[in-house]
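Understanding the architecture of this molecule
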Amino acid sequence: MDFFCAVVAKFAKSTVVVIKCVCVCQGKMSQRAERRGIHVDQSELLCKKGCGYYGNAAWQGLCSKCWREEYQRARQKQIQEDWALAEKLQREEEEAAYASSQGGQSQPSAASQVPPPLAPFSKFEEKKTNEKTRKVTTVKKFFSPSSRTAPKKEPHEGKAPSPSISRQSSLETDRVSRDFVDFLKNLQKPGREIHKQCRAFIEGMSNKKDLSADELSECVQDFYQNMSDRLMAHFKGSSERVERVMDQVEQYIMTRLYKNVFCPETTDDEKKDLATQNRIRALHWVTIQMLCVPLDEEIPEVSDSVVKAITDVIEMDSRRVPRDKLACITSCSKHIFNAIRVTKSEPASADDFLPALIYIVLKANPPRLQSNIQYITRFCNPSRLMTGEDGYYFTNLCCAVAFIEKLDAQSLNLSAEDFERYMSGQGSPSGAGMEADQMWAGSGPAAASPAVAQAQRQLEALTALTQRQEQVLSGVCELQAELQQWELSVMRQVKGILDRYPLELRPPPPDSAPITAPAPTIDSANTDDDRLPPPLTPQLFAK
Amino acid sequence: MTAMRVDAKVVMLGKESVGKTSLVERYVHHRFLVGPYQNTIGAAFVAKPTHVGDKVITLGIWDTAGSERYEAMSRIYYRGARAAIVCYDLTDSSSFQRARFWVKELQNCEEHCKIYLCGTKTDLIEADRAARQVDYHDVQDFADEIGAQHFETSSKTGNNVDELFQKVAEDYNSSSFEVMPGEMSFIQKMKNLRLPHVALRLH
């Protein structure tokens, strides 16, 4: 049973099943603990079934034979329960999908919901649908050999990938599916039709794994065309609405197909990715000046835009839908335009933009660049790629990649020897127009690349700041010491004065003069009365 | 601007500093500005709706990098273009030699693309006739030979600029009726679509 639980826990995607198993396990353990007594009666050792053989605490007090029977029964029951649960979950999910595709009331997160009222035709629809979530499939797959009821046909059962991966990707897939269904709801009847077609198409595609990338692309493009033709007829030529629906269709089917058609094994996309990546790495020494890029990265806004552009072009790889990838490229381009505009204070033309884009690609070295370009080319809705703004920036990116692949000494205005030396890593350029050798002798590493130079400048600024801070600190210390000294000196002075004139309290004049009297007496000593003896007293204390 | 539907792709070809960007700027914003100006973020791509009869054709105008170092890439740019405006500077004969190069490229690779030869900076010629380095009749002969339209424009005064783009839009409108009423044929789109990556493979 323990083994069984472990296996179920490992494979079952349904938490309910797991929890149930854990409960069963805990029950067993507590029973076991109760039976571990010190005083054991002879009767307790015998099989609880009363078959006359000895029992075993580990078998709940049963003998081996009775335990096996009991265990088999419990196991069978468990299997049936799990099986029923799996079926229930699946039914719920399909119903939710179906109900919402019908344009009916919304059923968010179908699995966690109470089952909706059964539609009479749901059973029939079930068989047609291909959209079984993988978690149910996996549970079923595990149980189907041992269950008596014949499992339903699973068209793509063998394709279910390892559970952990599918769980991650299914999150996004589910979200997109929900959005798609929500969107189609507004379209009523045609929306249902669209949903059905998309699902049929995805199912069809999953059977075509052996096709080459170009053939797959052909399939998807044909689908786009058919869909768009039908929509065109339906919306009576309102291309705006057609485009909106097509965007959703693209998002839905490409999110689902992504795994199988992005960088497929039948192509050498991956090899090209690596080649491009290495190529860009080898070109790390290319500077802004060589490419004649009108960017001044010393301006904070420019360097900020450059960083954003780099982030966007790297981000492209993480998107699944061709349209989203294109949006990343467009956003990257916008940042580049902004950077050029700030630098030159006039709008950028293509003569400025292309070199800047090349520079950004070199700096970013975006992951799987070739695969992404191929993927967009193959599976993007053509109307977008052809003429629009996105298409323009995408074309520029293709140009940039082509340029980087072909790049030679001439295209950077370098001599062939210099180019060779830089490429082989034996030297690195020290900046515009400078010989590489000079760099090592003269200007130091600061000139090697703008980034290093910038880092150094910032370091210098930091050092200056530290110095000033130290100055301030030492000033503060001085001030503090001065203050303390001043305080001390004041105290000393006060004390001195107090010491000097304590007598004023002691010899009160016999004529009961006020305490302050002696002072005026001293001050006015010469003027008032010169026959008095007081002049002697200060002499005595001055000693 | 992003959401704007574009009917036809028009590429601007020409050597650096012949005034491709100024030409687009004049056409789209009706202005010619010298020195710094900040209102537009970039003039590399613009979509401009144009009235042709009672229809509206939106031209997507693609600026291209004219520098020689990007020459090999230029064919990636003009894939699927319905019109190419090949610009040359009337005061610079070398720019016309480069224009000839692009015309040849277009004829070889993009047979469905209409070619418009566009001499720029007529205002400089008007100020000083000796500045002209490209003869009008030579270009006209060349244009007849290749079946292209020929315009001489000034982005500074606006001379002939609107006429040029109007012609482009009209030609697109009439040719799209020839190909297929309404939408452009999908097969064509597909062909065009594939081309960027085919072009990448060529290198």
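Above: the structure in question.
On a predicted model such as this, the values are computed, not experimentally measured, just so you know. (Residues numbered from 1 in each chain as written. Chains lettered and ligands numbered in written order. Predicted model: local features only at pLDDT ≥ 70, side-chain atom pairs only at ≥ 80, totals over all residues. Heavy atoms only, no water.)

**Here's the deal with the overall build of chain B**
When helices and strands are counted, chain B shows seven helices and six strands. Across the 203 residues that make up chain B, the buried fraction comes to 56%. Long-range contacts, defined here as pairs at least 24 residues apart, represent 74% of the contacts in chain B between residues at least 6 apart. For chain B, the exposed area adds up to about 8900 Å²; of that, 49% sits on carbon and sulfur atoms. (Helix = DSSP H or I, 4+ residues; strand = E, 2+ residues; numbered from the N terminus. Buried < 20%, exposed > 50% of the residue type's maximum accessible area, 1.4 Å probe, protein only. Contact = heavy atoms within 4.5 Å. Areas by Shrake-Rupley, 256 points an atom, 1.4 Å probe, with all protein chains shown as cover.)

**Points about the packing of helix α14 (residues 322-344) of chain A against helix α16 (residues 369-379) of chain A**
Residues and elements named next belong to chain A. At a closest axis distance of 9 Å, the pairing of α14 and α16 adopts a crossing angle of 125°. The angle between α14 and α16 falls in the class oblique. Crossing handedness for the pair α14 and α16: left-handed. For the pair formed by α14 and α16, the contact residues are Pro322, Lys325, Leu326 and Ile329 on the first element and Asn372, Tyr375, Ile376 and Phe379 on the second. Split by residue class, the contact of α14 with α16 holds six nonpolar, one polar and one charged. (Axes fitted to C-alpha atoms, helices over the stretch in contact; angles between N-to-C directions. Parallel < 35°, antiparallel > 145°, perpendicular 65-115°, else oblique. Left-handed = near helix turned anticlockwise from the far one by under 90°. Nonpolar A, V, L, I, M, F, W, Y, C, P; charged D, E, K, R; others polar.)

**What about the sheet that holds strand β4 (residues 83-89) of chain B?**
Residues and elements named next belong to chain B. The sheet built from six strands is open, its strands ordered β2-β3-β1-β4-β5-β6 with mixed pairing. Strands with a single pairing partner mark the edges of an open sheet, and in this sheet they are β2 (45-52) and β6 (149-152). Here the strands of the sheet are splayed against their neighbours by 25° on average, with no regard to which way each runs. Here five bridges tie strand β1 (residues 8-14) to β4, and the two strands are oriented parallel to one another. Across the sheet, the residue bridging to Leu13 is Val86, located in β4. Where helix α3 (residues 93-109) meets the sheet, its contacts fall on β1, β4 and β5 (114-120), and the angle it forms with β4 comes to roughly 165°. (Pairing = 2+ DSSP bridges.)

**Things to note about the packing of helix α9 (residues 213-234) of chain A against α16 of chain A**
Residue and element names in this part refer to chain A. At their nearest, the axes of α9 and α16 sit 8 Å apart, and the two run at 40° to each other. Judged by the inter-axis angle, α9 sits oblique to α16. Judged by residue contacts, Ala213, Asp214, Leu216, Ser217, Val220, Gln221 and Tyr224 of α9 engage Thr377, Arg378 and Phe379 from α16. Of the residues that constitute the contact of α9 with α16, the class distribution is five nonpolar, three polar and two charged.

**Let's talk about the environment of Met205 of chain A**
All names here are of chain A. Note on placement: Met205 falls in helix α8 (residues 189-206). Here Met205 falls in the buried class, since its relative accessible area comes to 5%. As a C-alpha pair, Met205 and Val261 span 56 residues in sequence and 9.7 Å in three-dimensional space.

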